[in-house]
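Architecture at a glance
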Amino acid sequence: MTTGEDTPEGHRAAAPETGAAAPPAVSVRGLWKRFGEQVAVDGVDLDVPAGRFIGLVGPNGAGKTTTLAMVTGLLRPDAGRVLVGGHDVWADPAAVKARIGVLPEGLRLFERLSGRELLAYTGRLRGLPGDEVDERATQLLDVLGLADARHKLVIDYSTGMRKKIGLAAALLHNPQVLFLDEPFEGVDPVSAQTIRGVLERYTGSGATVVFSSHVMELVESLCDWVAVMATGRIRAHGPLAEVRGDAPSLQDAFLELVGASGREPGQSLDWLGGGAR
Ligand SMILES: Nc1ncnc2c1ncn2[C@@H]1O[C@H](COP(=O)(O)OP(=O)(O)OP(=O)(O)O)[C@@H](O)[C@H]1O
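Here the structure is a predicted model, which is why all the values come from computation and not from measurement. (Residues numbered from 1 in each chain as written. Predicted model: local features only at pLDDT ≥ 70, side-chain atom pairs only at ≥ 80, totals over all residues. Heavy atoms only, no water.)

Attention now moves to the overall build of the protein. The secondary structure content of the protein amounts to 9 helices and 10 strands. The buried share among the 277 residues of the protein stands at 46%. For the protein, the share of sequence-separated contacts (at least 6 apart) that also reach a separation of at least 24 residues comes to 64%. (Helix = DSSP H or I, 4+ residues; strand = E, 2+ residues; numbered from the N terminus. Buried < 20%, exposed > 50% of the residue type's maximum accessible area, 1.4 Å probe, protein only. Contact = heavy atoms within 4.5 Å.)

Here you go:
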């Protein structure tokens, strides 16, 4: 329930999904964003339960990135509010930023630092003592398979290595909630398994991971709670099994929810048959 002292008046609590009386990790109300004529996020209300692996899924252009950017304080909403751990993202940004880690889409890193230097810099920005930063950075580089590349400049990192060093930077201060936009994009299966292990350990400690993805199999195997977004709105949310319902897979349930079930190209690509030439 969300009637703690930080909770604004009228901020209704969601029914706890776990049956436990824990406040949501993230609470979103009436979130709205428009770019010119395009309404990207059209009134999102969502309570994200704490200690879960949350998947935010939706087709291209659904509004996932815009929502995550507003929830993490990177983009100012036109309307609505977001609370993280009971703190308002826009009224109390320092309190929120101390509690979250973010791996945004199109992550920009300090390219001319080595991986090790990047973590040292991030740790000091986060106010961690130097020896603590050193210890955590060494462990993260090791676990994420970047130890041998620690002195290489980030500009020379591959896509997957960039994701991993970005993840290490986001985890360094041990946040309560971690937001990841497409964390597995460009990551090889071995690295994906490593990242997965790190994230499972992290949620096992009671922390919350919110990540966006198009890859339903991944969401299905990793997440225990999902929110499905389409055309700027949340179409369904809740424990994975509930959202999947009677559908054979999350992919089927997703196609049904976003109204794309059974969509075929029909006659429109009848010229496309290079193999039959
Ligand atoms: N800076 C911007 N300027 C104009 N339109 C934008 C901007 N950012 C997003 N949009 C539009 O808002 C809508 C939602 O985009 P968003 O990137 O949030 O979707 P998404 O669900 O993350 O998509 P994808 O899965 O393809 O990354 C799209 O129609 C997009 O074109």
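The subject of this paragraph is the nonpolar core. The biggest cluster of nonpolar side chains holds 48 residues, and the ones touching the most others in it are Leu 178, Leu 199 and Phe 211. For this core, the leading source of residues is helix α5 (residues 159-171), giving 7 residues. Once residues within four sequence positions are removed from consideration, Leu 178 is found in contact with Gly 101, Val 102, Leu 167, Ala 170, Leu 171, Leu 199, Tyr 202, Thr 208, Val 209 and Val 210. (Core = buried A, V, L, I, M, F, W, Y, C linked by side-chain atoms within 4.5 Å.)

Our next topic: the sheet that holds strand β4 (residues 79-84). Across the sheet, which stays open at both edges, the 4 strands sit in the order β2-β1-β4-β5 with antiparallel pairing between neighbours. The sheet is open, and its two borders are formed by β2 (38-48) and β5 (87-88), each paired with just one other strand. When strand β1 (residues 26-35) meets β4, the two strands line up antiparallel, connected through 5 bridges. Bridged to Ser 27 within β4 is Leu 83. (Pairing = 2+ DSSP bridges.)

Within the fold, His 87 resides in strand β5. Here the alpha-carbon distance between His 87 and Leu 140, two residues 53 residues apart in the chain, equals 28 Å. Within the local environment of His 87, its side chain forms a polar contact with the side chain of Asp 92, the two groups lying 3.2 Å apart. Here Arg 99 takes part through its side chain, which lies 3.5 Å from a polar atom of the side chain of His 87. (Polar contact = N/O pair within 3.5 Å; in protein donor to acceptor, adjacent residues only side chain to side chain.)

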